[in-house]
Amino acid sequence: MGSKYCLFPAAQAARSKPRLKVMVIPPIPIAPDIPVDPRSMGSVTAQAPLAKLTTLRVGGSADYLILPKTPQQLLFVLNWGQEKGLPITLLGAGSNLLISDQGLPGLVICTRALRHSEFDPITGQVIAAAGEPWSSLAWKAARQGLKGFEWTIGIPGTVGGAVVMNAGAHGGETADLLIETEVVSPNGAIAILKPEDLGFRYRTSKLQGSNLIVTTATFQLSPGYDPAEIKAATATDLKSRRETQPYHLPNCGSVFRNPPGFDATGQAHSAGRLIQQAGLKGYQIGQAQISTLHANFIVNLGGAKASDVLALIRHTQSVIYHQHGIKLETEVKIIGDFDTGNFEAQSEG
Ligand SMILES: Cc1cc2nc3c(=O)[nH]c(=O)nc-3n(C[C@H](O)[C@H](O)[C@H](O)COP(=O)(O)OP(=O)(O)OC[C@H]3O[C@@H](n4cnc5c(N)ncnc54)[C@H](O)[C@@H]3O)c2cc1C
């Protein structure tokens, strides 16, 4: 692209250096001589409720929450968190998260205010900041006659969340489009990582469970298409989602990964089909319910607790295991302390 957008100027230099491997990043100190001024970080809120920052609308409070608006604020707040020895949790749009009712300790950084995107209609390259809504890129690309983002429509996450989760739909996934991503570690070290560094698999990447923060990502789309044609394909995908998924109620997308293997009829296993066949559609614990529209979704009927959602997850896993011997793994990230233990450490995917 003509002018390559990049949150951190240092990363421009890193582009010309040999590729760095995940976790082997030389630290770049963040202005150690400048005292941290909370105003430089944007406003940090203490005891900040997190439920409203998730699409499921459950979960307790963060000890500290910040939504940095600029890369500089992000770097300052990382430095501040490091100095205070706070654990750091990243939040994008919170559309794949089940946060404990007890909330999260330490510092929660929500990237959704880090917004920027640039499209090059000639080369088909797109660069977007971590907080850019994933779905919005589909319409912007369509308007420029760029093909490739149609399947992202209706996925309510951010660019950062899509890269970390390897979001996908209708046979497409983030890994197919990614050229490179810029990441920063909690100590301020910046690196450019390529898809081969990221260990992409079905709805996961090596970035999950690492402490690296995605700040921007560059994608390759196919240029030169008729915008009307791309818009029509995008609208069709959106319509089909709205008809088959419970967009009218708070939820966190697909709760379970599709298990590997095939059923007796030779069809690839589908978590939703297994749950539906088990008669669990509409099954409810507290105000959490297995959606009557799509069995792989749990909806919040209003006032659900994270503990209700987790109990429903465990009940479903138990039923499917007893019926089929299949262990359903969660796609949703379960974070924070639950009565049964800390789930970050026991993450299933
Ligand atoms: C109605 C609905 C439909 C959905 N449909 C789909 C679908 O079709 N396909 C699909 O793949 N997913 C789908 N999802 C799930 C979800 O939208 C995706 O997983 C999305 O990519 C998550 O992005 P997010 O920004 O919300 O991440 P979050 O849920 O906020 O976070 C997810 C994980 O990524 C980490 N993370 C987030 N941002 C960053 C960052 N900048 N740097 C480092 N780590 C970060 C978080 O710490 C967490 O571990 C759906 C969800 C809903 C509610």
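Scroll up to find the structure this text is about.
Remember, it's a predicted structure, so these values are computed and weren't measured experimentally. Throughout this document, residue positions are counted from 1 along each chain, in the order its sequence is written. Local features in a predicted model are, by the rule used here, given only for residues with pLDDT of at least 70; side-chain atom pairs are given and counted only at 80 or more, and totals for whole chains, interfaces and linings are based on all residues.

Engineer: If you had to explain the pairing of strand β10 (residues 178-184) to someone new, which residues and values would you point to?
Structural biologist: Each regular strand displays side chains that alternate between the two surfaces of the sheet. Counting buried positions over the 7 residues of β10 gives 6, a clear majority of the element. Note that β10 and strand β11 (residues 190-193) share 4 bridges and pair antiparallel. Residue pairing across strands places Thr181 opposite Leu193, the latter belonging to β11. The antiparallel pairing of β10 with β11 creates a hairpin that spans 5 residues between the two strands, and Gly188 there sits at a positive phi of about 95°. With C-beta atoms placed from the backbone, a residue counts as buried when 20 or more other C-beta atoms lie within 10 Å of its own, as exposed when 12 or fewer do, and as partly exposed for counts between those limits. Only DSSP runs of H or I reaching four residues or more are called helices, and only runs of E reaching two or more are called strands; each is numbered from the N terminus. A pair of strands is treated as paired once DSSP finds two or more bridges between them.

Engineer: Residues and numbers for the packing of helix α3 (residues 134-143) against helix α6 (residues 227-244), please.
Structural biologist: Packed helices, taken two at a time, are described by the angle their axes make and the gap between the axes. Comment: axis = line fitted to C-alpha atoms, over the contacting stretch for helices; angle = value between 0 and 180 degrees taken between N-to-C directions. At a closest axis distance of 7 Å, the pairing of α3 and α6 adopts a crossing angle of 155°. In terms of orientation, α3 and α6 fall into the roughly antiparallel class. Between α3 and α6, the contacting residues are Ala138, Trp139, Ala142 and Arg143 on the first element and Pro227, Ile230, Lys231 and Thr234 on the second. The nonpolar class holds Ala, Val, Leu, Ile, Met, Phe, Trp, Tyr, Cys and Pro. Asp, Glu, Lys and Arg form the charged class, and all remaining residues, Gly among them, are polar. Per-class residue counts for the contact of α3 with α6 are 5 nonpolar, 1 polar and 2 charged. Angular relationships are summarised with four words: roughly parallel below 35 degrees, roughly antiparallel beyond 145, roughly perpendicular across 65 to 115, and oblique for the angles in between. Note that contacts rest on C-beta atoms placed from the backbone: two residues are in contact if these are within 7 Å.

Engineer: Describe the sheet that holds strand β14 (residues 288-290), listing the residues and the values that go with them.
Structural biologist: Taken together, the 3 strands give an open sheet; going across it, the order is β13-β14-β15, and neighbouring strands pair in antiparallel fashion. Two strands bound the open sheet, and with one partner strand each, they are β13 (284-285) and β15 (298-300). Sheet topology places β14 next to β15; 3 bridges connect them, and they run antiparallel. Considered in β15, the bridge of Gln289 is made with Val299. Across the sheet, helix α8 (residues 306-324) is in contact with β13, β14 and β15; its angle to β14 comes to roughly 30°.

Engineer: Got a sec to walk through the site of the ligand? Specific residues and values, please.
Structural biologist: Any residue whose C-beta atom, as placed from the backbone, lies within 6 Å of a molecule or strand is termed near it. Near the ligand, the surroundings consist of 34 residues, among which Gly92, Gly157, Gly160, Gly161 and Gly253 are the closest. Residue assignment for the shell around the ligand shows that the elements contributing at least two residues are β3 (88-91), α4 (159-165), β8 (168-169) and β12 (213-220). The leading source of residues in the shell around the ligand is α4, at 5 residues. Classifying every residue of the shell around the ligand gives 17 nonpolar, 15 polar and 2 charged.

Engineer: Got a sec to walk through the sheet that holds β10? Specific residues and values, please.
Structural biologist: In space, the 5 strands of this open sheet follow the order β6-β7-β12-β10-β11, with antiparallel pairing throughout. Pairing within the sheet leaves two strands with one partner each, and these edge strands are β6 (117-119) and β11. Neighbour-to-neighbour, the strand axes of the sheet open up by a mean angle of 15°, direction not taken into account. Here 6 bridges tie β10 to β12, and the two strands are oriented antiparallel to one another. Across the sheet, the residue bridging to Glu182 is Thr216, located in β12.

Engineer: Provide a residue-level description of the nonpolar core, including the pertinent values.
Structural biologist: With 47 residues, the main nonpolar core has Leu98, Ile99, Val108, Ile298 and Val309 as its most contacted residues. Where each domain starts and ends follows an automatic or database-derived domain assignment. If you count residues domain by domain, this core takes at least three from each of domain 1 (36-113) and domain 3 (246-342). Buried Ala, Val, Leu, Ile, Met, Phe, Trp, Tyr and Cys residues whose C-beta atoms connect them within 7 Å together make up a nonpolar core. Val126, Leu137, Leu178 and Leu212 belong to the second-largest nonpolar core, a separate cluster that totals 40 residues.

Engineer: Quick rundown of unusual backbone geometry? Include the residues and the values.
Structural biologist: Residues other than glycine seldom take positive phi values, yet Arg57 does so here, at roughly 60°. Along the polypeptide, Arg57 turns up in the loop between β1 (45-49) and β2 (61-66). Exposure remark for Arg57: the 18 C-beta atoms within 10 Å place this residue in the partly exposed category.

Engineer: Explain the environment of Ile320 to me, and be specific about the residues and the numbers.
Structural biologist: You can see Ile320 is positioned in helix α8. A residue is classified by how many C-beta atoms lie within 10 Å of it, and Ile320, with 21 of them, is buried. Residues Ile320 and Leu280, 40 residues apart in the sequence, show an inter-C-alpha distance of 10.0 Å. Those residues in contact with Ile320 that sit more than four places away from it in its chain are Leu274, Ile275, Ala278, Ile326 and Leu328.

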